[in-house]
Structures are given as structure tokens and as C-alpha cells.
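Residue strings, one per chain:
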Amino acid sequence: MDVNSAPSQSELKQFNELHSRYINTAQGCKEMMKWEDAGNAYYEAAKIAEGYLIDVGTASSNYLSAGNCYRRALSEQAYETYLKCIDAHLKYGAQEEATAIAVRCGYMFDSEYGDIVISNEFYDKADELREKYNLEHNCAFSTNYMHNFLLNISDALNNQQKYRDQFDWIKVYQQMFKNELTQTIAYVEELSDTSKNVIRKREPAQVSQDA
């Protein structure tokens, strides 16, 4: 099928099924802590969502999941995947979330990879997006981002039939989910403090440059 043409109903069904298989594969790999394999599966799911299902919102989420898995594997593939994630968020109209991801990547590549060059690239990307879209500097997780996160969980709980596989997975692995969420909250708190420190360090140089 031509990627630029609209898929037929039968093709759309096939791509949806293929996308679901990749997601299930990714979740299975995560359970076994095969992070790179999980990242590969999420990445393939993202390509299907973006190229064939024309669902940029799902693609951006899949790219983010892929990047996070590559990060756990300390894979170089994380860099390209996070860039695709940011681009997909921008196409989806989620400029604040794209900016937040750029900030988190800047912190991550410095603290976890020790790569100050790529770290600064992501921080500069965040600055560029703030200026382009006239965004105020806030916590890396915007209120809108967290609101949508809660809505997605609520939607899944209220539509158990539609999301039965995901819902059953959460019930079975509730403690794992709780631990991941606790770690994420701690990470956000640390990131918020670090981001403020980075801004303080970068602002004088920016003022000097503007002068």
C-alpha cells in the first residue's frame, strides 16, 4: 500500500491488529525487562500509527514509550527516538508536552549518559520551542499533560471492554505499576529542581549574549 494514500477499511483493520500485536510484544518484553526489545516493538508500533493509521497522538505516545525503554537499555537509539517523539507531539499540537520532553531529555542525557553535547541540544530545543510558541517556563510536566494522563486512566477504567488487555495487565501487575509511578514522581521532583538550577546557570550567559 502507498503510505501516502488512505488505507481501506480492511487495510485499516490489519494495521490496527498489527499495531496491537507490537504493543502486546512491547509489554511482554517490559515484563521480562528486555528493554531494547520492548523499545523496538514500541518503535514499530509508532511507525504504524504515524504512517498508516494517521494517528499522530498514538504515535507520539508510542515513540515516548520506545524512547523510555531504550533509555533503560542505555541504547543510543534513545536519541533518535526522543527526537521523533518531540516531532510527533508538535504535529499533534502538543507544544507544551514537546517542550517538556526536550527538557527531560536534556537532563537525562547529562545525568545518565554523560553527554553534555546532546544534553545542550535538547535544552536548546526546549528554549527554541518556548520562544516559537510563546510558552512560559513551567515544570516539565504541565498541568494539561497530567490532566490528560488522569483522563486516559479514567477512560480505560470506564471502558474495560475496549481496553480489556491493558486493564487486566494493570490489575495483574498493580505493584509494578505503583513502583513505576512512584519512581516517576520522584524523578519529576528531582527534574523540577534541576531544571530551575539549569535556568539560573543559563540565564546570565543569555543576558550577556543579548547585550
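Analysis parameters
Residues numbered from 1 in each chain as written. Predicted model: local features only at pLDDT ≥ 70, side-chain atom pairs only at ≥ 80, totals over all residues. Heavy atoms only, no water. Helix = DSSP H or I, 4+ residues; strand = E, 2+ residues; numbered from the N terminus. Buried < 20%, exposed > 50% of the residue type's maximum accessible area, 1.4 Å probe, protein only. Core = buried A, V, L, I, M, F, W, Y, C linked by side-chain atoms within 4.5 Å. Expected span 1.5 Å × (residues − 1).

Per an unreviewed UniProt entry, the chain goes by Alpha-soluble NSF attachment protein and derives from Thelohanellus kitauei.

In this section: unusual backbone geometry. In the Ramachandran plot, Leu74 falls in the positive-phi region, its phi being about 55° despite a non-glycine side chain. The topology assignment puts Leu74 in the loop between α3 (56-72) and α4 (77-91). Phi is positive for Asn134, close to 55°, though the residue is something other than glycine. With respect to the helices, strands and loops of the structure, Asn134 is situated in the loop between α6 (116-133) and α7 (143-158). With relative accessibility at 70%, the residue Asn134 sits in the exposed group.

Judged by nonpolar contacts, the single largest core of 36 residues is most densely connected at Tyr63, Tyr82, Ile86, Ile101, Cys105, Phe109 and Phe122. Elements with a minimum of two residues in this core: α1 (9-31), α2 (35-51), α3, α4, α5 (95-111) and α6.

With that settled, the discussion passes to α3. Side chains three or four residues apart in an α-helix point the same way, a direct result of the helix having 3.6 residues per turn. Helix length check: α3 (17 residues) gives 24 Å between terminal C-alpha atoms against 24 Å at 1.5 Å per residue, within 8%. Where α3 is concerned, the buried positions are Gly57, Ala59, Ser60, Asn62, Tyr63, Leu64, Ala66, Gly67, Cys69 and Tyr70. Looking at the residues trailing α3, positive phi occurs at Leu74, about 55°.

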